[in-house]
Protein chains: 4
Amino acid sequence: MTIRIKVWEKPLLRDPVLVCGLPGSGYVAKIALDFLVSELKSSPLATIYSYSFPPQVLIRSDGSAELSKHEISYVKGQSQDLLLYTGDAQPVNPQAEYELSDRVLEFAAEFNVRRVFTLAAYITGQFVKTPRVFGTATSQELFRLLIQNGANAMSEGTITGMNGLIIGLAALRGMEGACLLGETSGYVMDPKASYAVLSLLKKLINLDVDLTPLEERARQGEVLRSILESMKKSTETQLERDLGYIS
Amino acid sequence: MTIRIKVWEKPLLRDPVLVCGLPGSGYVAKIALDFLVSELKSSPLATIYSYSFPPQVLIRSDGSAELSKHEISYVKGQSQDLLLYTGDAQPVNPQAEYELSDRVLEFAAEFNVRRVFTLAAYITGQFVKTPRVFGTATSQELFRLLIQNGANAMSEGTITGMNGLIIGLAALRGMEGACLLGETSGYVMDPKASYAVLSLLKKLINLDVDLTPLEERARQGEVLRSILESMKKSTETQLERDLGYIS
Amino acid sequence: MTIRIKVWEKPLLRDPVLVCGLPGSGYVAKIALDFLVSELKSSPLATIYSYSFPPQVLIRSDGSAELSKHEISYVKGQSQDLLLYTGDAQPVNPQAEYELSDRVLEFAAEFNVRRVFTLAAYITGQFVKTPRVFGTATSQELFRLLIQNGANAMSEGTITGMNGLIIGLAALRGMEGACLLGETSGYVMDPKASYAVLSLLKKLINLDVDLTPLEERARQGEVLRSILESMKKSTETQLERDLGYIS
Amino acid sequence: MTIRIKVWEKPLLRDPVLVCGLPGSGYVAKIALDFLVSELKSSPLATIYSYSFPPQVLIRSDGSAELSKHEISYVKGQSQDLLLYTGDAQPVNPQAEYELSDRVLEFAAEFNVRRVFTLAAYITGQFVKTPRVFGTATSQELFRLLIQNGANAMSEGTITGMNGLIIGLAALRGMEGACLLGETSGYVMDPKASYAVLSLLKKLINLDVDLTPLEERARQGEVLRSILESMKKSTETQLERDLGYIS
């Protein structure tokens, strides 16, 4: 196979926007997509398997085993429909990342997708209270739209992996692509960054979803994190005392 | 070639079950399969070579040299026949693990195989007296059968390599797949874990084999291991004394 | 795609020479090529994308995102035309370096290119005032020309990556290839080495370009480097004093 | 291309034997083959290029640059002809080692080669006065011949890389293959081991060559090595004294 796309349905979609979030740093994109898939009334559209996924089966919570897979679902909106794309893991080699990104865009093109948003992480190595959202796009028009809606601009750097490639390859197909990057330390799963990118995404596309549950989850994560942090700090202080680093 | 399958015979098999065990941690699966191949009246069915095997020849005990290879044998049972699949080494790259797993299943499908069992290791880093056997399956029906027969359920984690992939890919072909994982430290060859998984497998399929020789081998291994362990412990204790760690 | 070449124009070129400089140590070749592309009146000829480029998009200075790409431009000269080839990054695997080098030469062959120059770095691990230029070629005739014009000969070693492969593969196509290697420490971006190789290249081909801006840039880099060096030295000395290494 | 074989001539060969030695540990095989190519009246038969060779050009001693390549030469013997196969470097990935080995054997099969000898290193980590030669073969008949002529048998282990693969793949093509492994430390280029394997090879095939020059080269290497060793030893002793390890 190399890549096998099982299509479950062939719905008619109105001017659909593709939103992608593959697992990456802080699971920022994956958490956001999983949230959209479960909160919106989404229907499975296609399941993707690939020889280039990690060579393993995953044990699901019900005890069953399953190959790593990617899934595309669709959501019927009021004026505009939505394609959601996420999955278990990115391909294990760079060439396969290109190949799969391109195949997914080819699939999206069959539904006349013209705009593609990917979500990603902007890694700073620092924990922050309110993560910023950075934005980049393949067209100046879309880029300005991001900035007008509160995204921060970047002027250098790279977005690695499929969350970057998909918008780059979209441009080669005549689609517009934008990536929203949520600021994150990169050390832990970070639903707060996911919340931040989705808050911005809501301004950009017709996304009828209440983000409160995700905000709640982010807050709980935050509480947990600060408990862990203060425990760690007190341990370190104790350790430093014990070792005589602090007099 | 990439993959070359030399078929030695085209037997008629009754409702055959495929049992797979490729080399992995603790050689749990490989020891079990080698035992079945030698103890059951098995006949060679096919030999598999692949450009993705480790790039080397193996020196056999008679001094001769031979490429790494995989072998499928068959066993005629009373009510149900058996296909046994094992080999010298797993492919050296992930994509080739997928490809070969799928080719072997395609081959098995020609014999109308509907159930596939793989054996594997459940690594704990601990030495145990009586290894548990964990089980997972691609269908709820088969999963329940495993649990009813004493397998422990898992709710997360992965099974890496072909012993995992084969059941995942089997499901895509409409076959049922299950994996039995023998608890093992992961540090040494562990026939005790192999014995444990085969004991469970005997309850699941028509397997007319006396496991006593394997149990004996496991016991000898156990004796050797505890001698080594107590030697190691006494050395460490001595060392700690010498270094003043223990007062 | 694997490799996609978008051709922008099909100009008639007179006896064109191909000059290549892909990113490598000290960015010697890339700086030189970027300089030629911007200083000469060059026109875009082709843009190259490949699945084997690093799997990422680059953020450009205007905030937009774009796939890694390579570009071939052409320059109309008085007696002889020029093809310039450079790009964002080399392919991520060796086989793809061969494949792309060969494709670019195939493309160049359509314009009847007969001579190919690549630029590269000659790494010494030492900072030097006046970098030497080393030269090698695939024909004795071209090699002598390099030496006559001041290039230093080598008698062993390798030129790794596409800046080496392109001349090796050119020879298999009946073209002549030469590589000019600018001496560099290998530690920093080194426009001085770029200046050195271009100075030699000007003697070898009809290259109507004023290198003064590059020389200026090299001088500024040099000033910056010596400030950094003396700061580093004084810090180290201080550090050594603090630690009592120097009495 | 992937693999390109340039054939220079199509000689009629009588019952030719293929002797292979690609670069590996201690350059045992490569030194031996280079010696045969230069000492015997050999003619170039084919040059092989591959996208899977190291991605670089080599600077030859005359200052010219050339792609890595492999070469097959032939030698007309009194009763039996010879094919000699060696090259600059082994492919950079395992699958390519299989592929190239198989292509070379396919090429050899066109000349009705029925026996294939490869040379290799038997690494011990120890310097020895008189290196032993180990032997393995793909047929019991050829194996016995090796042992009768003084080769030492092995009963386990692997021969990695093309020097191993070629005999393994030869067996799949119905040819007989044998590998002669010269004992070597693995630390330095070891012409003494090359001398040892060629001395045995001379007994096995019609090889009209005087090994004295190679023996001489080995002796010089030996002298150099013992000088280096005693220098090293005296330095270490001095160092140990300085550090007070020895009282």
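From a predicted model like this one, the values you see are computed outputs, not experimental measurements.

How each quantity is defined
Residues numbered from 1 in each chain as written. Chains lettered and ligands numbered in written order. Predicted model: local features only at pLDDT ≥ 70, side-chain atom pairs only at ≥ 80, totals over all residues. Heavy atoms only, no water. Helix = DSSP H or I, 4+ residues; strand = E, 2+ residues; numbered from the N terminus. Rg over C-alpha atoms; globule rule 2.2 N^0.38 Å. Buried < 20%, exposed > 50% of the residue type's maximum accessible area, 1.4 Å probe, protein only. Contact = heavy atoms within 4.5 Å. Areas by Shrake-Rupley, 256 points an atom, 1.4 Å probe, with all protein chains shown as cover. Lys, Arg positive; Asp, Glu negative; His and termini not counted. Charge placed at Lys NZ, Arg CZ, Asp CG, Glu CD. Pairing = 2+ DSSP bridges. Least-squares fit on C-alpha atoms with pLDDT ≥ 70 in both. Buried area = accessible area lost by both parts, 1.4 Å probe. Salt bridge = Lys/Arg side-chain N within 4 Å of Asp/Glu carboxyl O. Polar contact = N/O pair within 3.5 Å; in protein donor to acceptor, adjacent residues only side chain to side chain. Nonpolar A, V, L, I, M, F, W, Y, C, P; charged D, E, K, R; others polar. Phe/Tyr/Trp six-rings, centres within 6.5 Å; stacked < 30°, edge-to-face > 60°. pLDDT = per-residue confidence, 0-100.

Engineer: Explain the overall build of chain A to me, using residue names and the numbers behind them.
Structural biologist: Tallying secondary structure elements over chain A gives six helices and 12 strands in all. Radius of gyration (C-alpha) of chain A: 19 Å, near the 18 Å computed for a compact globule of 247 residues. With respect to the principal axes defined by its C-alpha atoms, chain A has extents near 70 × 45 × 35 Å. For chain A, buried positions account for 52% of its 247 residues. Taking all contacts inside chain A whose residues are at least 6 apart in sequence as the whole, residues at least 24 apart take part in 76%. Counting every atom, chain A has about 11,100 Å² of accessible surface; 50% of that belongs to carbon and sulfur. The distance from the centre of the 25 positive side-chain charges to the centre of the 28 negative ones in chain A is 2 Å.

Engineer: Summarise the sheet that holds strand S2 (residues 17-20) of chain A; cite the residues concerned and give the values.
Structural biologist: Residue and element names in this part refer to chain A. Strand order in the open sheet formed by nine strands is S1-S3-S6-S7-S2-S8-S12-S9-S10, with mixed pairing between adjacent strands. The outermost strands of the open sheet, each flanked by one partner alone, are strand S1 (3-7) and strand S10 (152-153). Taken together, the six bridges between strand S6 (residues 70-75) and strand S7 (residues 82-87) define a ladder with antiparallel strand orientation. Each residue of the ladder has a partner; that of Val75, found in S7, is Leu82.

Engineer: Could you give an account of the side chain of Asp190(D), naming the residues involved and the relevant values?
Structural biologist: Within the secondary structure layout, Asp190(D) lies in the loop between strand S12 (176-184) and helix H5 (191-204). Ignoring any residue separated from it by four or fewer positions in sequence, one finds Asp190(D) in contact with Gly26(D), Val28(D), Ile31(D), Glu183(D), Thr184(D) and Ser185(D).

Engineer: Mind laying out the relation of the copies chain D and chain B, listing which residues take part and the relevant values?
Structural biologist: For the pair chain D and chain B, the superposition axis carries a translation of 0.0 Å, the fit reaches an RMSD of 0.1 Å, and the rotation angle comes to 90 degrees. Such a turn and shift between the copies fits a four-fold axis. Taking C-alpha positions as reference, the residue of chain D nearest the rotation axis is Asn93(D), located at 7.3 Å.

Engineer: With reference to specific residues and values, describe the interface of chain A and chain B.
Structural biologist: Taken together, the 24 residues of chain A in the interface contact 26 residues of chain B. Taken over both partners, the interface formed by chain A and chain B buries close to 2,000 Å², and the fraction arising from carbon and sulfur atoms is 59%. Among the residues chain A hides against chain B, the three largest losses belong to Tyr51(A), Pro55(A) and Ile59(A). Together they make up 35% of the total. Here chain A and chain B share one salt bridge between them. Residue Arg4(A) is joined to Asp102(B) by a salt bridge in which the shortest nitrogen-to-oxygen separation is 3.8 Å. One can count nine residue pairs in polar contact (both at pLDDT 80 or more) joining chain A with chain B. Counting only elements with at least two residues in the side of chain A that touches chain B, the list comes to S1, strand S3 (42-50), strand S4 (56-59) and strand S5 (65-67) of chain A. Taken together, the residues that form the side of chain A that touches chain B break down as 12 nonpolar, eight polar and four charged.

Engineer: Provide a residue-level description of the pairing of strand S12 (residues 176-184) of chain C, including the pertinent values.
Structural biologist: Residues and elements named next belong to chain C. Judged by how many residues are buried, S12 sits mostly within the fold: nine of nine residues are covered. Sheet analysis places strand S8 (residues 115-123) next to S12, joined by nine bridges and oriented parallel. Its bridge partner lying in S12, Arg115 is registered against Glu176. Where strand S9 (residues 133-137) meets S12, five bridges bridge the pair, whose relative direction is antiparallel. When the sheet's bridge partners are listed, Val133 is paired in S12 with Gly182.

Engineer: Lay out the arrangement of the chains with the relevant residues and their values.
Structural biologist: Separated throughout, chain B and chain C approach each other most closely at a C-alpha pair spaced 15 Å apart. With respect to C-alpha atoms, chain A approaches chain D no nearer than 15 Å, and the pair has no contact.

Engineer: Could you give me a rundown of unusual backbone geometry, with the residues and numbers involved?
Structural biologist: Residues and elements named next belong to chain B. Of note in the backbone geometry, Asn112 takes a positive phi value of approximately 60 degrees without being a glycine. Looking at where Asn112 falls in the secondary structure, it is placed in the loop between helix H2 (94-109) and strand S8 (115-123). Residue Asn112 is classed as exposed on the basis of its relative accessible area, which comes to 56%.

Engineer: Lay out the packing of aromatic side chains in plain terms, naming residues and giving numbers.
Structural biologist: For the structure on display, the rule yields 16 aromatic pairs over all chains. For the pair Tyr98(A) and Tyr51(C), a centre-to-centre distance of 5.6 Å together with 25 degrees between the ring planes defines the contact as stacked. Of this pair, Tyr98(A) sits in helix H2 (residues 94-109) while Tyr51(C) is found in the loop between strand S3 (42-50) and strand S4 (56-59), placing the two residues in two different chains. Judged by its relative accessible area of 1%, Tyr98(A) is buried. Each ring, one from Phe127(D) and one from Tyr187(D), has its centre 6.0 Å from the other, and the planes form 55 degrees; the classification is tilted. Highlighted residues: Phe127(D) in the loop between strand S8 (115-123) and strand S9 (133-137) and Tyr187(D) in the loop between S12 and H5, separated in sequence by 60 residues. The class for Phe127(D) is partly exposed, based on a relative accessible area of 33%.

Engineer: Account for the confidence of the model for chain A, with residues named and values stated.
Structural biologist: For chain A, per-residue confidence averages 92 on the pLDDT scale, and 93% of positions sit at 70 or higher. Interface confidence for the predicted complex, given as ipTM, is 0.89, next to a pTM of 0.91.

Engineer: Summarise the pattern of salt bridges; cite the residues concerned and give the values.
Structural biologist: The full count for this structure, using the stated rule, is 64 salt bridges over all chains. Lys76(B) is the salt-bridge partner of Asp81(B), the closest N and O atoms lying 3.2 Å from each other. When its relative accessible area of 0% is taken as the criterion, Asp81(B) is described as buried. Glu215(B) is paired through a salt bridge with Arg219(B); the nearest N and O atoms lie 3.9 Å apart. Here Glu215(B) and its partner Arg219(B) are both found in helix H6 (residues 212-243), four residues apart, which amounts to about one turn of the helix. On the basis of relative accessible area, Glu215(B) is assigned to the partly exposed category, the value being 28%. Each member of the salt-bridge network shares a partner with another, and the members are Arg60(A), Glu66(A), Lys69(A) and Asp88(A).

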